[in-house]
Amino acid sequence: MTVTATSTPPPAAPKVSGGKSGRTRLSFPVVLLIIAGVLLALSAVRAITGAQDVTSAGQISAALAMAVPIGLAGLGGLWAERAGVVNIGLEGMMILGTFFGAWAGWQTNPWLGVLAGVVGGMLGGLLHAVATVTFGVDHIISGIAINILALGFTTYFAKLWFNTGEAAAKGGSPKQSPPADDITSVTIPGLSDWLHSIEKHHWFFVSDLAGVLGGLVTNVSLLTIVAALLFVVTFFVLWKTAFGLRLRSCGENPVAAESLGVNVYTYKYIAVIISGGMAGLGGAFLSLVTSHIYNEGQTGGRGYIGLAAMIFGNWRPGGLAMGAGLFGFADALQLRNGGESVHALLLLLVVVLAGIAAWKLYRKSFVQGVISAVIAAAVLVWYLATDTVPTEFVSATPYIVTLLVLSLSAQRLRMPKADGMRYRKGQGK
C-alpha cells in the first residue's frame, strides 16, 4: 500500500496592519518588576506559613538543575517551530541523549558523553526532518513515532550494552548504565557563604532574595552555564542575523520565503537537527549531571513539559526561560519531599485564582470568573483543613503546574503562522 502525503494549502501572507499586535512585549525593567513581585509573594507565603524551604538556596539550586533539561527541550522546540516544524518528538530525542550521553560518559569522560548525547538527539532530529520535510509526514505522527522508537531502541540496547562484561561489573544493569564521572561545578567563594548567612536570619524579602541568589551561585554545573549561554546565542542568531530571519520566514510564510530565494528545505533541516541536538543535550544533562547514570524512564515527560514552557514563553527564548524556571521549581519540590512547601504554595494559588476571578468578573466574563472563584474557595478550604499534602500530589505537581499555566496563558499566544503545515518544494515559483 502506497501512502501519499497531500499538500496543505500554503498560509496566506501576513496582513500588514498599523495597529498593535495582540501580545505586548515586556521590556526588561517590566520583567524585573514581575520577578520582584513573584519573590515578594513567595516571601509573604514563607512568612505566613513558616515553610522556610520555599525560597531556600537548596530549593533554588535544585530548581535550576531541574529547569535546565526542560529549558533545553523547549529551546529545541523553539528552533523547530520557528522554522514551521512541530517537534513532538523532543521526548524521544531527550531519551536518546540520556542513553548515548551515559554510554559514552562512563567509558571515556563526561564531556565526550555530552557530545555523544547531542549527536544522539541530532540523529533523532534528522529522522524527524526526513519524515516531515522530505516525505511530508504529519508532524505529530512523526514525533510520536520517534518517541516510541527511541524508547524501544534504548530499552533494547541497554540490555545489550549495560548488562554484560565491564559495564555489568561497574554497576550496569538492563535498566541503567554504570556511573560516569562528575562534570565540574563552580561556587563563587565568599559570596555564597555571605548569602547563606543572610538567608539563615529569615528576614522578610531580604533573606528570600539571599536564598535565591545563593542557589544561583552555589555548586552550579558548567553544563548549566553552557545551557544559559545557548539561550543568549539562540536569541542573537534567530533575531539579530540574516540567517535567523530566513529561518523564521520559513515558519511564517515558506511560499514567500522561497519566492525570495530562500532554500526552505535546507533551513527546515538545519532547524530540526539543531532542535534534536538541544533536546539531546537536555537528556545528557539528566544522565551526566542530575544522576550520573542512565536510568530507564528518567526523562519523565520533560520533553513535553519543555514544549509547554516554549508555548508559555510565546515561542521566544526569554519567556521560555521563565517558563522553564517555573516548571523546574515545581519539579524540584517533589525531589525535596516538599509536602509542606506545596501546602504553603496552595495559599499563593488561592490569591492568584481570586485575582483572576476578580479580573474576569470585571471584564464581564461571568462564567470564567465564577469558576475561578469556586476553585479558589475549594483550594482555600483544602489549605485550612490540612497541614500538608499527600506524596502523590507532590509527585504530580510539575504536571499540574503545566496544565494550569497553559490554561491561563493560552488566550494571548501567537504561534508561527505556518507551524505544522506541510510544505512542498516549488510552491513559491
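Quick notes on the rules
As a convention, each chain's residues are numbered from 1 in the sequence order in which they are written. Local features in a predicted model are, by the rule used here, given only for residues with pLDDT of at least 70; side-chain atom pairs are given and counted only at 80 or more, and totals for whole chains, interfaces and linings are based on all residues. Heavy atoms from the whole structure form the basis of all side-chain values; hydrogens and water molecules are not counted. UniProt positions are given in the numbering used here, feature names are shortened, and annotations may be inferred rather than shown by experiment. Counting from the N terminus, the helices are DSSP H or I runs at least four residues long and the strands are E runs at least two residues long. The buried label goes to any residue with under 20% of its type's maximum accessible area, the exposed label to any with over 50%, and the partly exposed label to all in between, with areas taken from a 1.4 Å probe on protein chains only. The contact criterion used is simple: two residues touch if any of their non-hydrogen atoms lie within 4.5 Å. Note on charges: Lys and Arg go in the positive column, Asp and Glu in the negative column, and His and the chain ends are not counted at all. Each charge is placed at NZ for Lys, CZ for Arg, CG for Asp and CD for Glu. We call a set of buried residues a nonpolar core when its members are Ala, Val, Leu, Ile, Met, Phe, Trp, Tyr or Cys and they connect through side-chain atoms within 4.5 Å of each other. Think of a salt bridge as a Lys or Arg side-chain nitrogen and an Asp or Glu carboxyl oxygen that are within 4 Å of each other.

- Where an unreviewed UniProt entry is consulted, the protein chain appears under the name ABC transporter permease, with the organism given as Streptomyces brevispora.
- Checking UniProt for the protein chain, the heading Subcellular location (unreviewed entry) contains the comment "Cell membrane".

A few points about the overall build of the protein chain
Here comes step 1: Tallying secondary structure elements over the protein chain gives 18 helices and two strands in all.
Here comes step 2: If you line up the protein chain on its principal axes, its C-alpha atoms span 65 × 65 × 45 Å.
Here comes step 3: Of all 429 residues assigned to the protein chain, the portion counted as buried reaches 48%.
Here comes step 4: Partitioning the contacts of the protein chain with sequence separation of at least 6, the portion at a separation of at least 24 is 80%.
Here comes step 5: In the protein chain, 27 side chains carry a positive charge and 18 a negative one; their mean positions are 17 Å apart.

Notes on the nonpolar core
Here comes step 1: Leu75, Trp79, Leu223, Leu247, Leu281, Leu320 and Phe327 are the most contacted members of the largest nonpolar core, which totals 74 residues.
Here comes step 2: The element contributing the most residues to this core is helix H12 (residues 264-290), with 14 residues.
Here comes step 3: With near-sequence residues (within four places) excluded, tryptophan 79 lies in contact with Thr234, Val237, Leu238, Phe243, Leu247, Ala271, Ile274, Ser275 and Met278.
Here comes step 4: Ranked by size, the runner-up nonpolar core spans 23 residues in total, among them Val45, Leu346, Leu347 and Val350.

Looking at the pattern of salt bridges
Here comes step 1: Enumeration over the complete set of coordinates arrives at six salt bridges.
Here comes step 2: In this structure, the salt-bridge partner of glutamate 252 is arginine 82, at a minimum N-O distance of 3.9 Å. One end of the pair, glutamate 252, is in helix H10 (residues 242-252); the other, arginine 82, is in helix H2 (residues 57-82), with 170 residues separating them in the sequence.
Here comes step 3: Look at glutamate 252 and you get buried, because its relative accessible area is 15%.
Here comes step 4: Taking the relative accessible area as the measure of exposure, arginine 82 reaches 8% and is therefore buried.

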